[in-house]
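Next come the chains, spelled out residue by residue.
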Amino acid sequence: MVTQPDLVVVGSGFFGLTLAERCAAELDLKVLILERRPHIGGNAYSEFDAETGIEVHKYGTHLFHTSNERVWEYVNRFTAFTNYQHKVFGKFKGQVYSLPMNLALINSFFGKSHTPDEARALIAEQASEISTEDAKNLEEKAISLIGRPLYEAFIKGYTAKQWQTDPTELSAEIITRLPVRYNFDNRYFNDKYEGLPVDGYTAWLQRMADHPNIEVRLNVDFLDPEVNAEFKGKVPIVYTGPVDEYFGNSEGRLSWRTVDLEQEILPVDDYQGTGVVNANDPEVPFTRELEFRHLHPEREASYTKGKTLVVREYSRFAEADDEPYYPINTAEDREKLLKYRDLANKEPMVLFGGRLGTYKYLDMHMAIASALSMYDNKVKPHFADGAEFKSGGVDA
Ligand code: FAD
Ligand code: UDP
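You'll find the protein entered in an unreviewed UniProt entry as UDP-galactopyranose mutase, with Nocardioides jejuensis given as the organism. Checking UniProt for the protein, the heading Sequence similarities (unreviewed entry) contains the comment "Belongs to the UDP-galactopyranose/dTDP-fucopyranose mutase family." Of the comments in the UniProt record for the protein, the one headed Cofactor (unreviewed entry) reads "FAD".

Structural data, given as structure tokens:
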């Protein structure tokens, strides 16, 4: 139990845990973590399902990948990783294709074998209807990069479902680069390091918090007036909750997409033969199906025979009480965010970080890297040398 904390961290996701761990282990500070959920770990949290023995990522599949040497060295202090390499497939009109777009997809979609050069020429011809420089929206940009047939099959329906907006009304920026590989490489990520935590995400997250200088209080909302009054202005705070909520939504709510996850146990050993299958047909209401057993083939012997666990993802705009998952980032959001950044920079003794505190989509390795850099640039200089504990460019 930490009495008189030197630092309060709000939120126990990867950002908050990394910061707390560094301060506790390297600076010997007493750190109190406040978490409003009933568990630690933020969105990376997972549980082993009692009926099947399968690890379920409770907030959607989390695949760890990074090319950042410092992050890789750091995360390996808390967990070993399997050699899992993520592959994604996409279902369209009763056929399954290998994503991201590659020679296997092009050959099966057009029903013919192509050499890499033949495929390149085919896509260039199909994409020639619009020039990339003239593309005014997501649809035009995508067609200018991959051509209309592939766009209509794999992008149009999926994107409309995921963003609940017609692709002609979405910004061209969303699809800055649509990779087409003219070979059979179907690894989803290009990073140097990739894998899944051997004992699961929660064991990894718990090890980060397992330090005598760290206390985690669950089910505590920092924005609860009583809690707020106890700590605000009295102790340095790193806040990783939503920046708009911190300021009582004074500049308006920032918009987010959320995902509804529908979990089902099916009476078969194997439902789809792989971890993730996108539903590219527009009439299928969900965006993808996740079958978690395939993320850990090395655990097959421990799973219940004759059962598997499948999760379907449905994407929609987040309302006030929903979990915010992906920042929508409209022009209006960006305007509000600038105002919140000004407020954050003026807030004494509070640093804002993480994906909710900065309104940025951050992969796990990015959240960890960003926390390490806040530690180096703001937190350590304060505690070691008396530098001011203050934001400036949010988590910059
Ligand atoms: P979070 O994990 O969101 O943690 C913030 C914590 O703060 C939460 O636990 C929240 O309850 C708590 N909190 C908020 N407000 C308060 C308050 N007022 N008081 C107390 N506590 C509060 N990344 C990858 O690298 N690979 C993937 O495959 C991947 N898949 C993803 C899939 C989905 C559907 C989503 C949504 C994200 C995915 N991510 C993935 C991103 C990953 O989840 C983030 O990188 C990570 O969550 C960032 O950590 P964080 O600490 O910034 O935020
Ligand atoms: N996308 C698509 N079809 C697919 C997969 C992706 O149109 O089969 C588009 C879609 O607009 C999506 C974006 O690419 O929002 C990024 O997809 P990705 O799967 O990389 O991101 P995730 O949704 O998993 O974060």
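Visitor: Give a detailed account of the overall build of the protein, specifying residues and quantitative values.
Guide: From N to C terminus, the protein includes 12 helices and 16 strands. Referenced to the eigenvectors of the C-alpha coordinate spread, the extents of the protein come out at roughly 70 × 55 × 35 Å. For the protein, the residues scored as buried account for 38% of the 396 residues in total. Within the protein, contacts between residues at least 6 apart in sequence are counted, and of these 76% link residues at least 24 apart.

Visitor: Tell me about the domain arrangement of the protein, and please be specific about residues and values.
Guide: Segmentation of the protein into domains returns domain 1 (7–46 + 70–75 + 200–253 + 328–385) and domain 2 (101–175). Centre-to-centre separation of domain 1 and domain 2, based on C-alpha positions: 39 Å.

Visitor: Just give me the short version of the site of ligand 1, but keep the residues and values in it.
Guide: Around ligand 1, 35 residues are found, and the nearest of them are Gly11, Gly13, Gly42, Gly241 and Gly354. Elements with a minimum of two residues in the shell around ligand 1: α1 (14–26), α11 (354–358) and α12 (364–385). In the shell around ligand 1, the residues fall into 16 nonpolar, 13 polar and six charged.

Visitor: Give a detailed account of the confidence of the model for the protein, specifying residues and quantitative values.
Guide: Per-residue confidence for the protein gives a mean pLDDT of 95; residues scoring 70 or more make up 98%. In the model output, the complex is listed with pTM 0.95 alongside ipTM 0.97.

Visitor: Let's hear about the nonpolar core: which residues, and what values?
Guide: With 85 residues, the main nonpolar core has Leu19 and Ala20 as its most contacted residues. It is α12 that provides the largest number of residues to this core, a total of eight residues. Each of domain 1 (7–46 + 70–75 + 200–253 + 328–385) and domain 2 (101–175) accounts for three or more of the residues forming this core. Ignoring any residue separated from it by four or fewer positions in sequence, one finds alanine 20 in contact with Val9, Val31, Ile33, Ala209 and Ile214.

Visitor: Would you mind going over the packing of α1 against α12 in detail, with residue names and values included?
Guide: Running from N to C, α1 and α12 point in directions that differ by 40 degrees, and their axes come no closer than 8 Å. Between α1 and α12, the crossing angle belongs to the class labelled oblique. In terms of crossing hand, the pair formed by α1 and α12 is right-handed. Judged by residue contacts, Phe14, Phe15, Thr18, Leu19, Arg22 and Cys23 of α1 engage Met364, Ala367, Ile368, Ser370, Ala371, Leu372, Met374, Tyr375 and Val379 from α12. Partitioning the contact of α1 with α12 into residue classes produces 12 nonpolar, two polar and one charged.

Visitor: Describe the site of ligand 2, naming the residues involved and giving the relevant values.
Guide: Neighbouring ligand 2 are the residues Gly90, Leu99, Phe154, Ile155, Tyr158, Thr159, Gln162, Asn278 and Asn280. Here the shell around ligand 2 takes five residues from helix α6 (residues 148–163), the largest share from any one element.

Visitor: Mind laying out the UniProt feature "domain: UDP-galactopyranose mutase C-terminal" (unreviewed entry) in the protein, listing which residues take part and the relevant values?
Guide: With numbering aligned to this structure, UniProt lists the feature "domain: UDP-galactopyranose mutase C-terminal" (unreviewed entry) at residues 153–361. In the segment residues 153–361, helix accounts for 25% and strand for 21%; the C-alpha atoms at its two ends are 26 Å apart.

Visitor: Explain the sheet that holds strand β2 (residues 31–34) to me, using residue names and the numbers behind them.
Guide: Here five strands make up an open sheet; going across it, the order is β9-β2-β1-β10-β16 and the pairing parallel. The open sheet has two free edges, formed respectively by β9 (214–217) and β16 (350–352), since each of these has just one partner strand. With strand direction ignored, the average angle separating the axes of adjacent strands in the sheet is 20 degrees. Pairing geometry for β2 and β9, over four bridges, is parallel. Residue pairing across strands places isoleucine 33 opposite valine 216, the latter belonging to β9.

Visitor: Summarise the environment of glycine 357; cite the residues concerned and give the values.
Guide: Tracing the backbone through its elements, the reader meets glycine 357 in helix α11. Overall, the presence of 27 C-beta atoms within 10 Å leaves glycine 357 in the buried class. Along the sequence, glycine 357 and arginine 341 sit 16 residues apart, while their C-alpha atoms lie 9.8 Å from each other.

Visitor: Any details on unusual backbone geometry? Residues and values, ideally.
Guide: With omega at -15 degrees, the peptide bond leading from leucine 99 into proline 100 counts as cis. For proline 100, the position within the fold is in the loop between β7 (95–99) and α3 (103–110). Of note in this structure, asparagine 249 is not a glycine but carries a positive phi near 55 degrees. Look at asparagine 249 and you get partly exposed, because 14 C-beta atoms sit within 10 Å. Its identity as a non-glycine residue notwithstanding, methionine 349 has a phi of 60 degrees, on the positive side. Within the element layout of this structure, methionine 349 appears in the loop between α10 (331–346) and β16. Since 16 C-beta atoms lie within 10 Å of it, methionine 349 is described here as partly exposed.

Visitor: Provide a residue-level description of the sheet that holds strand β14 (residues 308–317), including the pertinent values.
Guide: Across the sheet, which stays open at both edges, the seven strands sit in the order β7-β6-β12-β13-β14-β11-β15 with mixed pairing between neighbours. Edge positions in the sheet fall to β7 and β15 (326–327), since each has one partner strand and no second. Sheet analysis places strand β12 (residues 276–279) next to strand β13 (residues 288–291), joined by three bridges and oriented antiparallel. Across the sheet, residue asparagine 278 finds its bridge partner in β13, namely arginine 288.

Cut-off values and rules
Residues numbered from 1 in each chain as written. Chains lettered and ligands numbered in written order. Predicted model: local features only at pLDDT ≥ 70, side-chain atom pairs only at ≥ 80, totals over all residues. UniProt positions renumbered as here; feature names shortened; annotations may be inferred. Helix = DSSP H or I, 4+ residues; strand = E, 2+ residues; numbered from the N terminus. Buried ≥ 20, exposed ≤ 12 C-beta atoms within 10 Å, placed from the backbone. Contact = placed C-beta atoms within 7 Å. Domains from an automatic or database assignment. Near = placed C-beta within 6 Å. Nonpolar A, V, L, I, M, F, W, Y, C, P; charged D, E, K, R; others polar. pLDDT = per-residue confidence, 0-100. Core = buried A, V, L, I, M, F, W, Y, C linked by C-beta atoms within 7 Å. Axes fitted to C-alpha atoms, helices over the stretch in contact; angles between N-to-C directions. Parallel < 35°, antiparallel > 145°, perpendicular 65-115°, else oblique. Left-handed = near helix turned anticlockwise from the far one by under 90°. Pairing = 2+ DSSP bridges.

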